[in-house]
Amino acid sequence: MIETAFVGLSGADYLFDAIVLFADLPFERGYIESIIRVSLSVSLTAVVLSTLVGLPVALTVGFTEFPGKRLVVALINTGMGLPSVVVGLLVLFAVSNQGPLGSLNLVFTREAMVISQFVLATPVVTGVSLAAVTSVDDGLRDAAYAMGGTRLDVALATISEARAGIVTAVLAGLGRAISEVGSVLIVGGNIVRADGSSVTRTLTTAIQLEARQGRFEIALLLGGVLVALVLVINGLVLRLGGRRY
Amino acid sequence: MAQRPAFRSSQQSQSTTISLSNVSHGFEERTVLENVSLTVERGETLAIIGPSGTGKTTLLRLLALFEPPRSGRITFDSTDLWSVSADDRLTERRQIGMVFQSPNLFSASVRQNVSYGLRLRQGWRTRLRQWAARLVRQPPMPAVEAALGTVGLADAANRPAGSLSGGEAQRVAFARALAPGPEFLLLDEPTSDLDPRNTAVIEEAIETSRADGLGVVIATHDMQQAERIADRVAVLLDGRLIEVGATEAIFTDPDDRRTQRFINGELIY
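Here goes a summary of the coordinates provided. The shown structure was predicted, so the numbers you read here are calculated from the model rather than taken from an experiment. (Residues numbered from 1 in each chain as written. Chains lettered and ligands numbered in written order. Predicted model: local features only at pLDDT ≥ 70, side-chain atom pairs only at ≥ 80, totals over all residues. Heavy atoms only, no water.)

**What to know about the overall build of chain B**
Line of reasoning, step 1. The secondary structure content of chain B amounts to 11 helices and 10 strands.
Line of reasoning, step 2. In chain B, which comprises 269 residues, the proportion classed as buried is 56%.
Line of reasoning, step 3. Long-range contacts, defined as pairs at least 24 residues apart, comprise 71% of the intrachain contacts of chain B with a sequence gap of at least 6.
Line of reasoning, step 4. When the accessible area of chain B is evaluated, it comes to approximately 12,000 Å², of which 47% is carbon and sulfur surface. (Helix = DSSP H or I, 4+ residues; strand = E, 2+ residues; numbered from the N terminus. Buried < 20%, exposed > 50% of the residue type's maximum accessible area, 1.4 Å probe, protein only. Contact = heavy atoms within 4.5 Å. Areas by Shrake-Rupley, 256 points an atom, 1.4 Å probe, with all protein chains shown as cover.)

**Description of the nonpolar core**
Residues and elements named next belong to chain B.
Line of reasoning, step 1. Counting 47 residues, the largest nonpolar core has Val-114, Leu-148, Phe-174, Leu-185, Leu-187, Ile-206 and Val-233 as the members making the most contacts within it.
Line of reasoning, step 2. If one sorts the elements of this core by residue count, helix H7 (residues 166–178) sits on top with 7 residues.
Line of reasoning, step 3. Contacts of Leu-185, omitting those with residues within four sequence positions, involve Gly-97, Phe-174, Ala-177, Leu-178, Ser-209, Leu-214, Gly-215, Val-216 and Val-217.
Line of reasoning, step 4. Membership of the second largest hydrophobic core comes to 31 residues, among which are Leu-59, Ile-96, Met-98 and Ala-234. (Core = buried A, V, L, I, M, F, W, Y, C linked by side-chain atoms within 4.5 Å.)

**Comments concerning the interface of chain B and chain A**
Line of reasoning, step 1. Facing the 29 residues of chain B at the interface are 18 residues of chain A.
Line of reasoning, step 2. Summing both partners gives a buried area of about 1,900 Å² for chain B against chain A, and 58% of it is carried by carbon and sulfur.
Line of reasoning, step 3. Summed over the three residues of chain B that lose the most area to chain A, namely Arg-93, Phe-106 and Ser-107 of chain B, the buried surface amounts to 27% of that side.
Line of reasoning, step 4. Applying the counting criterion to the chain B and chain A interface returns 3 salt bridges.
Line of reasoning, step 5. For the salt bridge of Asp-142 of chain A with Arg-61 of chain B, the shortest nitrogen-to-oxygen distance reads 2.9 Å.
Line of reasoning, step 6. Taken together, chain B and chain A are joined by 10 residue pairs in polar contact (both at pLDDT 80 or more).
Line of reasoning, step 7. Mapped by element, the contributors of at least two residues to the side of chain B that touches chain A are helix H2 (86–93), strand S6 (96–99), helix H4 (116–120), helix H5 (124–136) and H7 of chain B.
Line of reasoning, step 8. Broken down by element, the residue count for the side of chain B that touches chain A peaks at 3 residues, all from H4 of chain B.
Line of reasoning, step 9. Here the side of chain B that touches chain A is composed, by residue class, of 17 nonpolar, 6 polar and 6 charged. (Buried area = accessible area lost by both parts, 1.4 Å probe. Salt bridge = Lys/Arg side-chain N within 4 Å of Asp/Glu carboxyl O. Polar contact = N/O pair within 3.5 Å; in protein donor to acceptor, adjacent residues only side chain to side chain. Nonpolar A, V, L, I, M, F, W, Y, C, P; charged D, E, K, R; others polar.)

**Describing the pattern of salt bridges**
Line of reasoning, step 1. For the coordinates displayed, the defined rule picks out 17 salt bridges over all chains.
Line of reasoning, step 2. As a salt-bridge pair, Glu-65 of chain A and Lys-69 of chain A come within 3.2 Å of each other at their nearest N and O atoms.
Line of reasoning, step 3. The exposure class of Lys-69 of chain A is buried, given its relative accessible area of 16%.
Line of reasoning, step 4. Of the charged contacts in the structure, one is a salt bridge between Glu-44 of chain B and Arg-232 of chain B, with a shortest N-O distance of 2.8 Å. Here Arg-232 of chain B lies in strand S9 (residues 232–237) and Glu-44 of chain B lies in the loop between strand S2 (30–41) and strand S3 (45–49), a separation of 188 residues in the sequence.

**Looking at the side chain of Glu-189 of chain B**
All names here are of chain B.
Line of reasoning, step 1. With respect to the element layout, Glu-189 can be found in the loop between strand S7 (184–188) and helix H8 (196–211).
Line of reasoning, step 2. With relative accessibility at 9%, the residue Glu-189 sits in the buried group.
Line of reasoning, step 3. Polar contacts involving the side chain of Glu-189 include one to the side chain of His-221, which spans 3.2 Å.
Line of reasoning, step 4. In this structure Glu-189 touches Lys-56, Gln-101, Ala-219, Thr-220 and His-221, once residues within four positions along its chain are discounted.

**Things to note about the sheet that holds strand S4 (residues 71–76) of chain B**
Strand pairs in the sheet, formed through backbone hydrogen bonds, run parallel or antiparallel to each other.
All names here are of chain B.
Line of reasoning, step 1. One open sheet holds the 4 strands; their spatial order is S2-S1-S4-S5, and the pairing between them is antiparallel. In this open sheet, the two edge strands, each paired with only one partner strand, are S2 and strand S5 (79–80).
Line of reasoning, step 2. Bridge count between S4 and S5: 2 bridges; the pairing is antiparallel. Counterpart to Thr-75 in the pairing with S5 is Asp-80.
Line of reasoning, step 3. Running at roughly 125 degrees to strand S1 (residues 17–27), helix H1 (residues 56–63) makes contact with S1, S2 and S4 of the sheet. (Pairing = 2+ DSSP bridges. Axes fitted to C-alpha atoms, helices over the stretch in contact; angles between N-to-C directions.)

**Quick word on the packing of aromatic side chains**
Line of reasoning, step 1. This structure, assessed with the given rule, holds 4 aromatic pairs over all chains.
Line of reasoning, step 2. Note on Phe-76 of chain B and Phe-184 of chain B: the rings are 5.7 Å apart at their centroids and 20 degrees apart in plane angle, and the pair reads as stacked. With Phe-76 of chain B in strand S4 and Phe-184 of chain B in strand S7, this residue pair connects regions lying 108 residues apart in the sequence.
Line of reasoning, step 3. On the accessibility criterion, Phe-76 of chain B (1% relative accessible area) is buried.
Line of reasoning, step 4. Taking relative accessible area as the criterion, Phe-184 of chain B reaches 1% and is therefore assigned buried.
Line of reasoning, step 5. Chaining the aromatic ring pairs together yields one cluster made of Tyr-145 of chain A together with Phe-66 and Phe-100 of chain B.
Line of reasoning, step 6. Positioned above the aromatic ring of Tyr-145 of chain A is the side chain of Arg-93 of chain B, whose terminal nitrogen or guanidinium carbon lies 3.8 Å from the ring centre.
Line of reasoning, step 7. Directly above the ring of Trp-124 of chain B sits Arg-127 of chain B, whose terminal nitrogen or CZ lies 4.0 Å from the centroid. (Phe/Tyr/Trp six-rings, centres within 6.5 Å; stacked < 30°, edge-to-face > 60°. Lys NZ or Arg CZ within 6 Å of the ring centre and 35° of its normal.)

Purely spatial values, then, with no claim about function.
Written out as structure tokens, the structure is:
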């Protein structure tokens, strides 16, 4: 079947089939919608948490001097390149019965997937935010202080100046989270319910599974959804951050 | 004294002098200022002149309370500003406006830049309410309009800061320092990068501010500018204040030979 698929049909044919499938088959439609919901909820939760942690860390590291600062920056940069399967494995150890989070029974749950995506996205959000806030001219921070700003006011002025870079950081974190396969496969288990709705199956893990099973029209449709999501997010960023001074 | 413009606040405390007393300061091993004592009164313009790298900017940053001096005292009237609580110091700090050599404008509209200091002085609830209101329409801010009028940019409030020329940007920076109604203005080489026309506008705004009762401290290496606008001149050389006096006296009959040489344009390193 796979051979036939590759030889006989073009990408446009698969796309057409995928659209027809989505329109005509309620079962597949529910399956796909539940996968999108799981993907979005897990990735957005992870990125919100990553931003809440990463942005203050970036501001602190960027604007204070302390022993070991270069080591911290090196660790953040290293974290940006962490292999996702290794993260998945470590998170699986952590949430398994013998792990430090074993009592929470998180194995093969969305919460475990959020943890693994949080670990993957936080260094990205932190590292890119750090680059953005440290690129803000010292003179602007001096101006905020000289105008009577407190440390918080100066930090907020810096965030405002670096907003385009920070949005990029959050987007990069979201991109890292939503397009990630290895760790969510390990800690989530790629599970669906008997009625076909997703428990821990995400767009990426579903694409991987559907492609392996030869259901290319579904895989293609899911891939299209994934790309469309990224386009929508980029569009929102352009719309919200598009005002230039 | 000239009539108090709309942007001057009557709620502020009325410090009459700001002083450095035996102040020394430096960075790591390097001493930048050594045993400097200087008092500036409201209603006067004091020019600090001296070669580049002699400590003028450091002196202004100490007056602006960016950091405590290594030794010595910085006082408003008789209050040592580094021995009071952080909240009290913030209150006193907000009596000072500062303009830097570069405009350092935020990536926002001219109005948002000039209103920045005013917004900082409001409570968080008011700030949030005004931020939400700004999404719908810009509420009028008389102090912002008045400050922009002082620098001849009353019609530029809605322009993006990034669209301004260098001279206009520096004038907006001046208006930003003026808008909250400070008691003292610290100006660090504010016209060194400007053309004569923009320089004239800034100097006129300095004169207006002085006439309104502000104490103005301007660091400059432009001798002619110091002579034009200052009531008194302080000569700083290698971190030491070698002479302070009335402008005319400094330029016609200085006590220190090095002052005479500096004014004559000779190298005195």
